[in-house]
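What follows is each chain in one-letter form.
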Amino acid sequence: MKGLLSVENKKKIEEYIQILRDNKIRVTDQRVAILNYMIEKESHPTAREIYEALKDDYPSMSVATIYNNLEIFVALGFVLDLHYGAESARFDLTDCMHYHAICEKCGRIVDFNYPKLNQVEHDVAELTGFEVRSHRLEIFGVCPACQKNK
């Protein structure tokens, strides 16, 4: 898994490392490796998938280590914990506002942006008096690959 990061991805890692430091959380090689994996793969991995990808380079890392670090990242607000039914939780970096289309057959998650919803937090605050902090949109259906495999 150890490899060269693009300039853009190095900048993202530096931003996440600064968030950890700002919150007095030690920056470890394992934490950085988990972030690198999530940035490079641009997927919605489970903790097990991250573990399988990193275990050879970090033999002392366990699945529990992955979960513990992901929980820290979720608490700091730059990773989302996505639970869908009985499936294992999937995790997503939140470096930009986006939404999810989820396949009900295979579990594939596809990110999409829908600019018309950018105003929704303001509108909800106006209508309800809530101090809106975030929102999520998840669309469930069947992906093209599963449609072909009927």
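Residues numbered from 1 in each chain as written. Predicted model: local features only at pLDDT ≥ 70, side-chain atom pairs only at ≥ 80, totals over all residues. Heavy atoms only, no water.

**A look at the overall build of the chain**
Within the chain, the regular secondary structure consists of six helices and five strands. For the chain, the α and β elements follow one another from N to C terminus as α-α-α-α-β-β-β-β-α-β-α. Principal-axis analysis of the C-alpha atoms places the extent of the chain at approximately 50 × 45 × 30 Å. Taken across its 150 residues, the chain has 33% of its residues classed as buried. Taking all contacts inside the chain whose residues are at least 6 apart in sequence as the whole, residues at least 24 apart take part in 53%. Put simply, the chain shows about 9,800 Å² of open surface, and 49% of that area lies on carbon and sulfur atoms. Averaged over its 19 positive side-chain charges, the chain has a centre that lies 4 Å from the centre of its 23 negative ones. (Helix = DSSP H or I, 4+ residues; strand = E, 2+ residues; numbered from the N terminus. Buried < 20%, exposed > 50% of the residue type's maximum accessible area, 1.4 Å probe, protein only. Contact = heavy atoms within 4.5 Å. Areas by Shrake-Rupley, 256 points an atom, 1.4 Å probe, with all protein chains shown as cover. Lys, Arg positive; Asp, Glu negative; His and termini not counted. Charge placed at Lys NZ, Arg CZ, Asp CG, Glu CD.)

**Section: the sheet that holds strand β5 (residues 138–141)**
The strands making up a sheet associate through backbone hydrogen bonding, with each pair oriented either parallel or antiparallel. The strand order β4-β3-β5 describes an open sheet built from three strands, whose pairing is mixed. Edge positions in the open sheet fall to β4 (109–112) and β5, since each of these has one partner strand only. Pairs of neighbouring strands in the sheet enclose a mean axial angle of 20°, with direction left out of account. Relative to β4, strand β3 (residues 99–103) runs antiparallel, the two sharing four bridges. Across the sheet, residue His-100 finds its bridge partner in β4, namely Asp-111. (Pairing = 2+ DSSP bridges. Axes fitted to C-alpha atoms, helices over the stretch in contact; angles between N-to-C directions.)

**Here's the deal with helix α4 (residues 63–76)**
Along its 14 residues, α4 runs 20 Å from first to last C-alpha, staying within 8% of the 20 Å computed at 1.5 Å per residue. Those residues of α4 that fall on the buried side of the exposure criterion are Val-63, Thr-65, Ile-66, Asn-69, Leu-70 and Phe-73. The buried residues of α4 occupy one face: seen down the axis, they fall within an arc of 155°. Residues of α4 that are exposed and point over 90 degrees away from its buried face: Glu-71 and Ala-75. (Expected span 1.5 Å × (residues − 1). Arc of directions from axis to C-beta.)

**Side note on the environment of Ile-102**
With respect to the element layout, Ile-102 can be found in strand β3. Residue Ile-102 is classed as buried on the basis of its relative accessible area of 5%. Put simply, Ile-102 and Gly-141 are 39 residues apart on the chain and 6.3 Å apart in space, counted from C-alpha to C-alpha.

Coordinates in, geometry out; function isn't part of it.
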